[in-house]
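Next come the chains, spelled out residue by residue.
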Amino acid sequence: MSDLFAGVRWIWMNGKLVEFEKATVHVMSHALHYGSGVFEGIRCYNTRRGPAVFRLTEHMRRLELSAKIYRMDLPMPAPGMAEAVLETIRANGFESCYIRPLVYRGFGTMGVNPLRSPVESVIAVWSWGKYLGDSDEGVDVCVSSWRRPPSDALPAVAKATGNYLNSSLIKMEAITNGYVEGIALDTNGNVSEGSGENLFLVRDGLLVTPPLASSLLHGITRSTVMTLARDAGIEVREEAISRGQLYTCDELFLTGTAAEITPVRSVDRQPVGSGCPGTITSIILREFNRVINGETEDRHGWLTPVGGLAGSGVDSGAAEDRMSA
């Protein structure tokens, strides 16, 4: 087993907890052949008030809407899925972790039509550091040659597994050319997002992010940043961003559940601003860290307490009985 999953004992699968090694799918599952699945990425933080999941309600709502677009019903209403997330964290005894709910088409029939394949669901948790690294100086990115598909071809508002084939092309191109991440343009040539992150730039004290019409995911960390900025008196605009603005902006950073808030140091080898995180980036990063660490009042209700941890004492029979009840 990969070191990434060290300490993971239980996976929530179709309504019950099963041992990690037994959480398997059939090789003829529809999702494996056609990418017919939707998912979420969520984080649990060990705050000063105990373990808490960040914006769990919003993530479950987005999962529900993604599934709706692809004509899949969640195994239970979103609040029930949220409780299953908490139970999975407790069963594994994690105080902080990354959380991956996945709803997909399982083993049924072959062919592009997914409607006769059953809807399966899993929730996995594991320890995962900051996705793009912890560099205080920021990361180096490039503009990708791969474009984001238009939303009338693949709806960007759905966090669908198949969409991430495009992300893989962007990421592989960036990595093989010596960058940490790639930034994609939309079909109109405007800035869209990274392979797995939304994007913000700062110009003359104004915080700007591309609109949803630029074929990007409606990111929950993106929404968080916009709220934190406005709370701090920083003006935020959603407007089209040209490629050239990436080279002329004062500050630039990426946002996402996995990446959290990651400053960008350079684009295509050209330094962003002074080449280090600027004032507004630092303010947003500080306020974000204060929220996820429980250092400030949770005035927006973003943290859902995990509650008592079951730890390593869970036995499979008790776990399965509890989750299927």
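Keep in mind it's a predicted model, so treat the numbers as computed, not measured.

The rules behind these values
- Residues numbered from 1 in each chain as written.
- Predicted model: local features only at pLDDT ≥ 70, side-chain atom pairs only at ≥ 80, totals over all residues.
- Heavy atoms only, no water.
- Helix = DSSP H or I, 4+ residues; strand = E, 2+ residues; numbered from the N terminus.
- Rg over C-alpha atoms; globule rule 2.2 N^0.38 Å.
- Buried < 20%, exposed > 50% of the residue type's maximum accessible area, 1.4 Å probe, protein only.
- Polar contact = N/O pair within 3.5 Å; in protein donor to acceptor, adjacent residues only side chain to side chain.
- Contact = heavy atoms within 4.5 Å.
- 1 Å grid on protein atoms, 1.4 Å probe; cavity = no way out; pocket = protein on both sides within 12 Å on 5 of 7 lines; lining within 4 Å.
- Points joined across faces, edges and corners; volume = space filled by probe spheres on them.
- Nonpolar A, V, L, I, M, F, W, Y, C, P; charged D, E, K, R; others polar.
- Phe/Tyr/Trp six-rings, centres within 6.5 Å; stacked < 30°, edge-to-face > 60°.
- Core = buried A, V, L, I, M, F, W, Y, C linked by side-chain atoms within 4.5 Å.
- Expected span 1.5 Å × (residues − 1).
- pLDDT = per-residue confidence, 0-100.
- Axes fitted to C-alpha atoms, helices over the stretch in contact; angles between N-to-C directions.
- Parallel < 35°, antiparallel > 145°, perpendicular 65-115°, else oblique.

Visitor: Would you mind showing me how to read the overall build of the chain here?
Guide: When helices and strands are tallied, the chain shows eight helices and 17 strands. Computed over the C-alpha atoms, the radius of gyration of the chain is 20 Å, within 12% of the 20 Å expected from 2.2 N^0.38 for a compact globule of 325 residues. Considered along the principal axes of its C-alpha atoms, the chain spans approximately 60 × 50 × 30 Å. Put simply, the chain has 325 residues, and 50% of those count as buried.

Visitor: Just to check I follow, could you spell out the side chain of Ser-167 for this structure?
Guide: Tracing the chain through its elements places Ser-167 in helix H4 (residues 164-176). Taking relative accessible area as the criterion, Ser-167 reaches 6% and is therefore assigned buried. Here the side chain of Ser-167 touches Arg-148 through a polar contact of 3.2 Å, side chain to side chain. Once you skip the residues sitting within four places of it in the chain, Ser-167 turns out to touch Arg-148 and Ser-195.

Visitor: Mind showing me how you'd approach empty space enclosed by the protein here?
Guide: Over the atoms rolls a probe the size of a water molecule, and in doing so it shows where empty space is left. One pass over the full model with this rule turns up three cavities of 30 Å³ or more. Here the largest cavity is characterised by a volume of approximately 60 Å³. Forming the boundary of the largest cavity are Ile-42, Arg-43, Tyr-45, Phe-54, His-59, Ile-220, Thr-221, Gly-256, Thr-257, Glu-260 and Phe-288. Taken together, the elements giving at least two residues each to the lining of the largest cavity come down to strand E4 (42-47) and helix H5 (220-231). Element by element, the count of residues in the lining of the largest cavity is highest for E4, at three residues. Looking at the lining of the largest cavity residue by residue, the classes come out as five nonpolar, four polar and two charged.

Visitor: Just checking my understanding: could you explain the packing of aromatic side chains for this structure?
Guide: By convention here, two paired aromatic rings are described through the distance between centres and the angle between planes. The final tally for this structure, using the stated rule, is eleven aromatic pairs. Measuring from centroid to centroid gives 5.3 Å for Phe-5 and Trp-126, while their planes differ by 65°, and the two rings are edge-to-face. Of this pair, Phe-5 sits in the segment before strand E1 (10-13) while Trp-126 sits in strand E7 (residues 119-126), placing them 121 residues apart in sequence. Its relative accessible area of 24% is what places Phe-5 among the partly exposed residues. The class of Trp-126 is buried, set by a relative accessible area of 8%.

Visitor: How should the nonpolar core be read in this particular structure?
Guide: Note on soluble globular proteins: their nonpolar side chains tend to be buried together. Counting residues in each nonpolar core, the largest one holds 40 residues, and the members touching the most others are Val-53, Leu-56, Met-60, Ile-89 and Ile-99. Listed by contribution, the elements that provide at least two residues to this core are E1, strand E2 (16-19), E4, helix H2 (56-69), helix H3 (78-92), strand E6 (97-105) and E7. Looking at which element gives the most residues to this core, the answer is H3, with eight residues. Of all hydrophobic cores here, the second largest spans 21 residues; its members include Ala-52, Phe-54, Ala-229 and Trp-302.

Visitor: When you look at H5 in this model, what are you seeing that I'm missing?
Guide: Structural remark: α-helix, 3.6 residues per turn; residues separated by three or four positions point the same way. Over its twelve residues, H5 runs 17 Å from end to end, which matches the ideal 16 Å to within 8%, given 1.5 Å per residue. Within H5, the full set of buried residues consists of Ile-220, Thr-221, Arg-222, Thr-224, Val-225, Met-226, Leu-228 and Ala-229.

Visitor: Explain the confidence of the model for the chain here, please?
Guide: Low-confidence regions, as indicated by low pLDDT, have predicted coordinates that should not be scrutinised in detail. Looking at the chain as a whole, its pLDDT mean stands at 92, while 94% of the residues score no less than 70. Here residues 310-325 scores under 50 on pLDDT; set against residues more than four positions off or in separate chains, the count is 27 contacts.

Visitor: Explanation requested: the packing of H5 against helix H7 (residues 279-292) in the structure shown.
Guide: When two helices pack together, their arrangement is given by the angle between the helix axes and by the axis-to-axis distance. Relative orientation of the contacting elements H5 and H7 amounts to 110°, with a least axis distance of 10 Å. The orientation of H5 relative to H7 falls into the category roughly perpendicular. For the pair H5 and H7, contact is made by Thr-221, Thr-224, Val-225, Leu-228 and Ala-229 and by Ile-284, Glu-287, Phe-288 and Val-291, respectively. The class makeup of the residues in the contact of H5 with H7 is six nonpolar, two polar and one charged.

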